[in-house]
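# Structural overview for review
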Amino acid sequence: MLVLKNLQKSYTDAGEKRTILKNVNLGINAGDSISIQGASGSGKSTLLHLLAALDKPDSGEILLTHSNQSGSDEEITKFTEKQADQYRQFQVGLIFQKFNLIDCITVMDNIMLPAKITGKVQHEYIQELLNALGIQDHINKLPNQLSGGEQQRVAIARGLSHQPPLLLADEPTGNLDSKNSDLVSQLLVDTCKQLNTALVMVTHSEKVALLTQQQWYLDDGKLTQI
Amino acid sequence: MLMASLIIAAAGLSAVLVINSSAKQSYSSGQQFLVPNVSYTITSNSSKLKLTKQDYSALRVKGFSELIAVAQTKQHIYTNKHAANQKSESTQVTQRRIDFTGIDTFSLLTSPSFSNLVALSEQRNTLAKLNSPSNAASAETNRLIRQLSFNESTAILHPQLLEQLLEQLEDAKKSNNNLGELGPFKNSMQPFTTEVGKPLSELKSFESAALGNDIIMDIAELYRLYPNAELSMLLVVGELSKAKQDALEQSLPSHLQLTSPSSGEQDSELTSSFHLNLMAMALLMFVVCLFIVVNAVNLLINSRLTWLKICRQLGISRRQLFFIQLLEIVLLTLVASFVGVVLGIELAKLASPTVQATLENLYSVEVGFGKVSIIGLLIQVSGICLVGSICATFIPLNKLNHQLAQSADVPLTFVQQRFWRRIIWLSFVVFSAVAFVILNYAQALWLLLFATALVILSGCCLLLANYPSMLSFIQRFIPARFPLLQVSSKQSLALSGKTKIACCAFFIAATSNIGMNLMVDSFRGATVAWLEQRLSDDYYVYNEGEPNISDLAKDTGVNVYQRLEKSISFQGKQVQQYSYPTDESKQQAMAFYEKSKNENLWSEFISGKGVLVNQQFAFGFDYKINDEIELPHPSKGKLSTYKILGIIYDFGNPSAQVLMPVNMFELSKSICCLYALQGAESNIDLLREKMRTAGLDPEEELLKTEDLLALSMKAFDDTFIITDGLNVVTLLVAALSLACAIIVLMNDIRPQNMLIRSMGVSALKTQLLALFQYLLLCFVALIFATPFGILLSWILIFDINYQAFSWTYPLIISPMKILQIYATSLLVVAIVIIIPIIRAGRRPLIEDIRWVN
């Protein structure tokens, strides 16, 4: 569903140009689960941002391929702002390290928000999601009444509530203790598998990375499969 | 932002202090025209017989050498332009007529009391005595008077008046290219002329409140420029012995009267409410500016928090950090006060023509320019600003102290929240109760204004206590198909807790806006209705002098109703006795506030058994319908008892007035100042001709009813320009305060905005949602401000106006006006807050994501 071809990205840091991604190539198919590891500042999050059309590469292509015959391939890097918004609305779910739940609305409202924005509210699907993630008893609570692990599970549910074909997770267990980290990462991978959603997860943890089908490592701007 | 708000606060405050102090100086030195030691004035008490040169010379011949003649005329100032045919034409420079005053300086210099003053003024130790506010006789003044006498072609005026004249000349130049050739003004070659092109005297500026709005010159010079100028009064210079005073009184012809010169107390008393209101508005703006200071200090602290935490880790105590921050604020306040005072003085200069016009329209009081002590003003303003800014800084600094003491912000517990909610409700009850008691039992104007402030504060408490429930209530009406709007409205609730101070500032501004606007609107409606009813004739002539219009109108077919006026003393205060015609149409035209239920009201009035009084009389002396009062007969002078048959509206009149039937008056013993005319247009044309022949200017003096109504309403609108201006400024400052709060909160709501944008919601939509959130907060504040605004206008009309002006009028609550205020307020807020919102929205999403994570 996504094909990355010769992606190149550099930053100017203190007047010095630093190439963070060098000729990165990757193919992501529906239902794939991929983890990307690497040292701090190696460009893992940058790669994720490129996949979410939040940033643009210096060169290279990210092709969004459609499974049905009617749709032609789309070049994400050439998206206008409006197209990028549409892409994120319908094709992508995002999970952040810091959960980023909206404090003033309930768990259920947080989860339903992307589905409501896209107009794809399917109550049965949401119920399945809640059951899968084990948060069905917390739906009427406010986020600050939940533990860190529970909050991240809500964030996962929110990332998947509008049934995106691709879920991008940026260090989803970075703020959790090891017990919760194991639980949440397992739930994340299992739920994506169950829903046939492609998962690209950036992580520092080898243990978490091993849960995914493919493990990739980013070092000196080069992405290599382990 | 901190500096800007402090400068605005200091500038507003100093401008009002300068305006008020100038007016005070001007009142106390009124009718002095630079002449020191005036003990009495002699004026005419009849409109038929004026003070003449013959009266003056006769009195001086009788040995009254203390008398100094003053002649006055109101004239426009012109400048010459050169037309194409090389002939010069006069172009009007001034927008309103300037008072030209001529003093018989020769007589003044030769009067014994003036010589004494000069001798005294040369003694340094006694100079201070001469500089008393009521007597501007300094050595410099004496020198100027000598100069006026010896160099007759010199005139003196206040530097600010000269500045205004030069500005008006510049405007005239711009609108008329032919004036472009005029060079810059120099004393010796000033460009001003009379209407007929005579060059004005050499203008010398001198800063003294005693100059008022006048251009003062020698009397001979005044007659050279304006041969038709009339003697307005005689000044008695120096102390008069009792015997001499009696002799003078006996020597006066019957149409002249000896009176004490106005000490300015009456003027000062009349306008005190205006000055108090001006001060109240300035203080309101000052308080709203302090709200900005609170937010600005919050912003400052937020940006320094990391650095301050490092300081704490390095062992610097919280007390030290607190005082360093406070010291910084104190220094900034001192600098801002200085800049504010300088700006305030300039602002006062700019506003002084409007203020002067307002006071003239509202109270018929002429205000001149004063002398400003910059050091005194600086001490006063910086003192007030320091107290204000320290108070305003204390809240955020205290919060910082708290933040530096603990690692994370701990939200209030349920018990703490309940405690604060109870405190807010208690404050509401206490403020309302105190305000209620004061408004019902107090009469002092300052106490009523204090009660008004308490009412507004109680409104703030009510708003704070009910913000959450009101927002929740509004949320119910947002349809489920707008999920983002629902989320935004819920975020507004969270934001309301963090923008309490800014929301209160906005509430105060909105309440005062609604209150003032409804009051002005009601006053406008009442004035229009009153004028339309009272102005039942076709034309009106305002002319105090000769010839009498009734005489001129004979044989023209025009019916003339003349209004005769007599000034009497009632319970130690001056009251106007006014004639009122009694025919059917005039009875219908009378606008009653309250009238006797007696069906024979008009027959009792016509027979002289009863009188009509204006509200100023009834409220000022505490009389009601059917009460009896003892008044002198307008022509016979005999005291009789009259029943009050009705209380009438008489807006704009600062004096208490009693209306009596016209047949009780005699023209020779009263002043005639107004004529109402009824007649066909052709007959009026005949009268016009006759007026022209008699040397009157019908174009200026004969006013058609519609024109008079328009003129009156223009004067009305001009009067409220300052109120309108201050209203907009207060609203703008409140909106700025809200914008400051938003800048502070932008970091707080950044993660949530980032999250919504990461879900594919466009930047524009996110910006609109942010705008919606703040406008919703303002809308709720407006909803609460509406009843309080109505209450405020009720207090202004029925309490403040009652005490300050002794008149009231019906309160008109116009829903359209309120909606208009809603729209204006929300528009002002939207304009002000749109900038930080757009700035936040323009930031690339990726920056927010990196910042949040």
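Residues numbered from 1 in each chain as written. Chains lettered and ligands numbered in written order. Predicted model: local features only at pLDDT ≥ 70, side-chain atom pairs only at ≥ 80, totals over all residues.

## A look at the overall build of chain A
Filter applied, for reference: Numbered from the N terminus, helices here are DSSP runs of H or I no shorter than four residues, and strands are runs of E no shorter than two. Counting other C-beta atoms within 10 Å of its own, a residue is labelled buried from 20 upward, exposed at 12 or fewer, and partly exposed in the gap between, with every C-beta atom placed from the backbone. Each residue gets a C-beta atom placed from its backbone, and two residues are in contact if those atoms lie within 7 Å.
Counting secondary structure elements, chain A contains seven helices and ten strands. Considering chain A as a whole, with its 226 residues, one finds that 50% of them fall into the buried category. Counting contacts in chain A only where the partners sit at least 6 residues apart, residues at least 24 apart contribute 71% of the total.

## Here's the deal with the overall build of chain B
In terms of helices and strands, chain B carries 27 helices and 21 strands. Nonlocal contacts in chain B, meaning residues at least 24 apart in sequence, comprise 83% of its contacts between residues at least 6 apart.

## Side note on the sheet that holds strand β1 (residues 2-13) of chain A
All names here are of chain A. Note the threshold: When DSSP finds two or more bridges between two strands, those strands count as paired.
The sheet built from four strands is open, its strands ordered β2-β1-β4-β5 with antiparallel pairing. Unpaired on one side and paired on the other, β2 (16-28) and β5 (74-75) mark the two borders of the sheet. Two strands pair when backbone bridges link them, and strand β4 (residues 59-64) and β5 are joined in this way by two bridges, in the antiparallel orientation. Across the sheet, the residue bridging to L64 is E74, located in β5.

## A look at the pairing of strand β6 (residues 92-95) of chain A
Residue and element names in this part refer to chain A. Alternating residues of β6 divide into V92 and L94 and G93 and I95, and every residue in both groups is buried. Bridge count between β6 and strand β7 (residues 166-170): four bridges; the pairing is parallel. Across the sheet, residue L94 finds its bridge partner in β7, namely L168.

## Observations regarding the interface of chain A and chain B
As a reminder, the rule being used: Only Asp, Glu, Lys and Arg are considered charged, only Ala, Val, Leu, Ile, Met, Phe, Trp, Tyr, Cys and Pro nonpolar, and every remaining residue, Gly among them, polar.
At the junction of the two partners, chain A supplies 22 residues and chain B supplies 20 residues. At the level of secondary structure, the elements contributing two or more residues to the side of chain A that touches chain B comprise α2 (81-90) and α3 (107-118) of chain A. When residues of the side of chain A that touches chain B are assigned to their parent elements, the largest contribution, five residues, is made by α2(A). Residues that form the side of chain A that touches chain B fall into these classes: nine nonpolar, five polar and eight charged.

## A short note on the environment of L4(A)
Residue and element names in this part refer to chain A. With respect to the element layout, L4 can be found in strand β1. Owing to 23 C-beta atoms within 10 Å, L4 belongs among the buried residues under this scheme. Taking the C-alpha atoms as reference points, L4 and E75, separated by 71 residues in sequence, lie 10.0 Å from one another. Those residues within four positions of L4 in sequence are excluded, and the remaining contacts are V24, N25, L26 and I62.

## Quick word on the sheet that holds strand β10 (residues 230-237) of chain B
All names here are of chain B. Where we set the bar: Whenever a helix is involved, its axis is fitted only over the stretch in contact; in every case the axis is a line through C-alpha atoms, and angles between N-to-C directions fall within 0 to 180 degrees.
Pairing within the open sheet is mixed, and its eight strands lie in the order β8-β6-β9-β5-β2-β10-β1-β11. Each edge of the sheet is formed by a strand with only one pairing partner; in this case those strands are β8 (202-205) and β11 (256-259). Strand-to-strand twist across the sheet, computed as the mean angle between neighbouring axes with direction ignored, equals 30°. Sheet topology places strand β6 (residues 154-157) next to β8; four bridges connect them, and they run parallel. For L157, the partnering residue across the bridge sits in β8 and is S205.

## Section: the packing of helix α16 (residues 500-534) of chain B against helix α26 (residues 815-842) of chain B
Residues and elements named next belong to chain B. For clarity, the cut-off: In this scheme the crossing of two helices becomes right-handed for a clockwise turn of the near helix relative to the far one and left-handed for an anticlockwise turn of less than a right angle.
Closest axis-to-axis distance for the α16/α26 pair is 10 Å, and the angle between their directions is 145°. In this structure, α16 crosses over α26, and the sense of that crossing is right-handed. Of the residues in α26, those touching α16 at A510, N513, I514, N517, L518 and D521 are K817, I818, I821 and S825.

## Quick word on the pairing of β4(A)
Walk down a regular strand and you will see the side chains alternate between the two sheet faces. The sheet contact formed by β1(A) and β4(A) spans five bridges and is antiparallel. Looking across to β4(A), one finds that L4(A) is bridged to I62(A).

## What about α26(B)?
Residue and element names in this part refer to chain B. Convention followed: Here the expected length of a helix is defined as 1.5 Å per residue gap, with one fewer gap than residues. A residue's bend is given by the angle between axes fitted to the 7 residues ending at it and the 7 residues starting at it.
Between its terminal C-alpha atoms α26 stretches 39 Å, which fits the 40 Å expected from 28 residues at 1.5 Å a residue. A maximum bend of about 40° is found in α26 at I834, where proline P836 lies one to four positions downstream. Residues I821, S825, V828, V829, V832, I833, I837, A840 and G841 constitute the buried set of α26.

## Quick word on the packing of helix α4 (residues 123-133) of chain A against helix α5 (residues 148-160) of chain A
All names here are of chain A. This is how the line gets drawn: Angle categories are assigned with fixed cut-offs, so that under 35 degrees is roughly parallel, over 145 is roughly antiparallel, 65 to 115 is roughly perpendicular, and the rest are oblique.
For the pair α4 and α5, the least separation of the axes is 10 Å and the interaxial angle reads 150°. In terms of orientation, α4 and α5 fall into the roughly antiparallel class. The handedness of the crossing between α4 and α5 is right-handed. In contact with L129, L130 and L133 of α4, α5 contributes R153, I156, A157 and L160. Its residues assigned to classes, the contact of α4 with α5 comprises six nonpolar, no polar and one charged.

## Considering the confidence of the model for chain B
Residues and elements named next belong to chain B. Note the cut-off: For every residue, the predictor reports its confidence as pLDDT, a number between 0 and 100.
When pLDDT is averaged along chain B, the result is 79, and 83% of the positions lie at 70 or above. Across chain B, element-level confidence peaks in strand β16 (residues 610-614) with a mean pLDDT of 93 and bottoms out in helix α5 (residues 124-130) with 37. The low-confidence segment residues 117-137, where pLDDT is below 50, has 39 contacts with residues more than four positions distant or belonging to other chains. Note on residues 180-188: pLDDT under 50 across the span, and ten contacts to partners over four residues away in sequence or across chains.

## What to know about the environment of R850(B)
All names here are of chain B. Residue position: R850 is located in helix α27 (residues 845-852). Using a count of 15 C-beta atoms within 10 Å as the deciding quantity, one classes R850 as partly exposed. Sequence-wise, R850 and M754 are 96 residues apart; in three dimensions their C-alpha atoms are separated by 9.9 Å.

## Considerations on the nonpolar core
This is how the line gets drawn: Residues of type Ala, Val, Leu, Ile, Met, Phe, Trp, Tyr and Cys that are buried and joined through C-beta atoms within 7 Å form what is called a nonpolar core.
Formed by 136 residues in total, the largest nonpolar core has its most connected members in F507(B) and A781(B). Considering every element that reaches this core, the biggest residue donor is helix α25 (residues 763-804) of chain B, with 18 residues. Setting aside residues up to four positions removed in sequence, F507(B) forms contacts with G459(B), C460(B), L463(B), A781(B), F784(B) and A785(B). Judged by nonpolar contacts, the second largest core, of 69 residues, contains L48(A), A53(A), L54(A) and L130(A).

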